[in-house]
Structure formats: C-alpha cells, structure tokens
Amino acid sequence: MHYHIALLPGDGIGPEVTAEAVKVLRALEGPAGLAFTFTESLVGAAAIDATGQPLPDETLDNCLRADAVLFGAIGHPKYDNDPKAAVRPEQGLLAMRKALGLYANIRPVQAFDQALDASPLKAELIRGVDLVIMRELIGGIYFGEPRGRTEQGDKAFDTCVYDRAGILRITKLAFEYAERRRKKVTLVDKANVLATSRLWREVVAEYARTQHPEVEFDCMFVDNAAMQLIRDPRYFDVMLTENMFGDILSDEASVITGSLGTLPSASIGLKTAVFEPIHGSYPQAAGQNRANPAAAILSAAMMLDHLGQPAAAARVREAVSQSIEAGVTTEDLNQGRYGTREVGSYIAGLLEGVRAQ
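In what follows, the accompanying structure is described. Because the structure is predicted, anything quoted here is derived from the model rather than measured.

1. Focus on the overall build of the chain
Phase 1: Scanning the chain from N- to C-terminus turns up 14 helices and twelve strands.
Phase 2: The C-alpha radius of gyration of the chain comes to 20 Å, within 12% of the 21 Å expected for a compact globule of 357 residues.
Phase 3: By the burial criterion, 54% of the 357 residues in the chain qualify as buried.
Phase 4: Here the analysis covers contacts within the chain between residues at least 6 apart in sequence; of these, 74% occur between residues at least 24 apart.
Phase 5: Summed over all atoms, the accessible surface of the chain reaches about 15500 Å², with 51% contributed by carbon and sulfur.
Phase 6: Between the centroid of the 36 positive side chains of the chain and the centroid of its 46 negative side chains there is a distance of 2 Å.

Set out below in structure tokens:
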C-alpha cells in the first residue's frame, strides 16, 4: 500500500523528531509492502517568518489531499515572550484543527517497565499504567466567542461553549475505545461550578446508560482527577474530558512515563487525521540532537493503526520498547547518552532487522 503523508515539521525540535519518525517509516518500506510519499509544508513560526501566516493555504491544501498528517511542534520564544503579538504560531495549530474538523485528541499513556526509574513517582504506583485521555479538541474556551479585551486593556474575557452534538460525537468514540480495552470510561468535568460541565455530564451519562450499559462509567471533578492521576493512575482506562482540562491533564500524565518525549497523540475527526507528539517545540534544545524522538515515532505508529496497518504499528511500538530496554535513549530518560538521530537510527535498524550501530 502506498500512502501520501503531509509532513509538517514546524518549529524548534519539531523538524528533528519528525525526521526520525520518517526514518522509521522508511524502514518499513519494501518487504512490508508499504510505501510513503512525504510532502513537506510550513506551519507555525516558520510559516509566519516565510509567509506572514501561521497556516498558509498551501499547507492546508497539502493536509486535505493527504492520507494523514505527521506533525512536529510549533512555538518560538519571540512570540511566546510577546503577549501583544497579533499573529502567533499557535493560531496555525488551532486553525488546522478547526479546518480539518479534528474534534477528538487521543493521547495514550503507557508506562514502560524499562523506564520506571525515569519517573519521579514511585515505581509501584505506575507499573502497568495503560490509559487513554480522550480530549475534545475544537470546542470549549479555546474556540468560544466572544473573546477579547476592553478598549482600556484592563479587562479580558474568554467564552466556553459546548453543544450536545459536539459532546456526543467524542463520547461515542470514547466508548468505542473502552469496548476494546478494559470497558471503563471516566468523565472529567467541573459540574459543580460550570454550566458546560453539567451539559457534558447529562449527555455522557445518558449515552452510557442507553448505549453502553456494559461499560463501567463514572464522573470525577477535574481537581480530584488531577490528584488521582498521580495518586492512583491505574484507576483510569479511558478518561473523557473537554478541551482545556484534557490539555492540562495529558501534560500532567507525562510524569508517569518520565518524559513528555514518550507521549504520542492522534487527532481525528471529519477530514484528514493528524498525528503528533504532545511535547512542545522545546526551543532550548533545537538543533542540538538532544530531543527524544520516541513520541514522534510512536505518533507514527498511531498513524499506521489509523491507516489500517496494525501489524506495522505493533512492530514500531516493540522497537521503541526495545530501544528503551537496551538503554538507547536520550537524556530525558535515565540520563540516556544517545542523541535524537542515534535513537531514531537504532529503532529504524531494529525494524530493518539490523542492529543500528
């Protein structure tokens, strides 16, 4: 099978980690019956510098024509440190999510036995953790209107908006995932305070009762969920939540694995799906061969699953696990001594059946 992949490296360490994901995918070509064509486009700060726009029309067209999008990261200090910047890299990511209808962000969190010592949490708390955070991606406070500041500039406002249809479509996906896993869904909300959370609870509870009575369902306030994610992460199977809560909780979950550099994600919806590591652009490490490519490579594995290639996806995940077991890791995991390119080459070599040197 031949697949056209839109490659959006983005900013900071994005180009470095996506290059290693491409290397790994290339290692699957040939005998595995797979072939990939990668078409690269600008996004984020790199796109602003070149075109003045964080998501040029050419980039969006590339995404719409592709079978999938492999995305790096966006962000640059010159925009992060300027709160008055009218055009920002993050606007490109939000615009892409909206244009592609990416309503569901799927973030698996799995503790590698070989990397338990990299986490600040006790090994007995995190051993065997295997959960999925299902985050609604194109609603809530990040997209709600109206928003802005008063003319005097001393007051600002954002609006959180959700409707029944938007909640229901990601709820269906969450329960489908739970059916293939341990049959448990936990809705994370703030229903004691927020009207939008009360709507979430009403819609999800009704769906759970009428459509999936065999799936265990419970609700948890977000502040409690943040605590339980550290105190007892094995409690969770599929964690379903709205946009901002999911953004925060999924980053918190990185302490379970010991590094943001091991956490992949998939964003799916109405059009082309996007696969990206959850870490940011990490500009302090850009160009230094220090960034962990595992999350980008595992995102490529999620992409293979989406493309109907589960066997190839499983091979990639196993190769990543083998690299961690062998100690071929970057500095963020157990003070690993290897660079971005070396880790990527090692994993690609495992897939090719040759130990990378």
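Further notes follow.
2. Focus: helix 12 (residues 294–306)
Phase 1: For helix 12, spanning 13 residues, the distance from its first C-alpha to its last is 18 Å, which sits close to the expected 18 Å at 1.5 Å a residue.
Phase 2: When you tally the buried positions in helix 12, you get eleven out of 13 residues, the bulk of the element.
Phase 3: Residues Ala294, Ala295, Ala296, Ile297, Leu298, Ser299, Ala300, Ala301, Met302, Met303 and Leu304 constitute the buried set of helix 12.
Phase 4: Gly308 sits one or two residues past helix 12 and shows a positive phi near 85°.

3. Quick look at unusual backbone geometry
Phase 1: In this chain, Glu145 is followed by Pro146 through a cis amide linkage whose omega measures 5°.
Phase 2: Tracing the backbone shows Pro146 in the loop between strand 5 (130–136) and strand 6 (148–149).
Phase 3: For Lys183, which is not glycine, the phi torsion reads 60° and is therefore positive.
Phase 4: Assessed through its relative accessible area of 34%, Lys183 is described here as partly exposed.
Phase 5: The residue Tyr282 is not glycine, and still its phi comes out positive at about 40°.

Rules and cut-offs
- Residues numbered from 1 in each chain as written.
- Predicted model: local features only at pLDDT ≥ 70, side-chain atom pairs only at ≥ 80, totals over all residues.
- Heavy atoms only, no water.
- Helix = DSSP H or I, 4+ residues; strand = E, 2+ residues; numbered from the N terminus.
- Rg over C-alpha atoms; globule rule 2.2 N^0.38 Å.
- Buried < 20%, exposed > 50% of the residue type's maximum accessible area, 1.4 Å probe, protein only.
- Contact = heavy atoms within 4.5 Å.
- Areas by Shrake-Rupley, 256 points an atom, 1.4 Å probe, with all protein chains shown as cover.
- Lys, Arg positive; Asp, Glu negative; His and termini not counted.
- Charge placed at Lys NZ, Arg CZ, Asp CG, Glu CD.
- Expected span 1.5 Å × (residues − 1).

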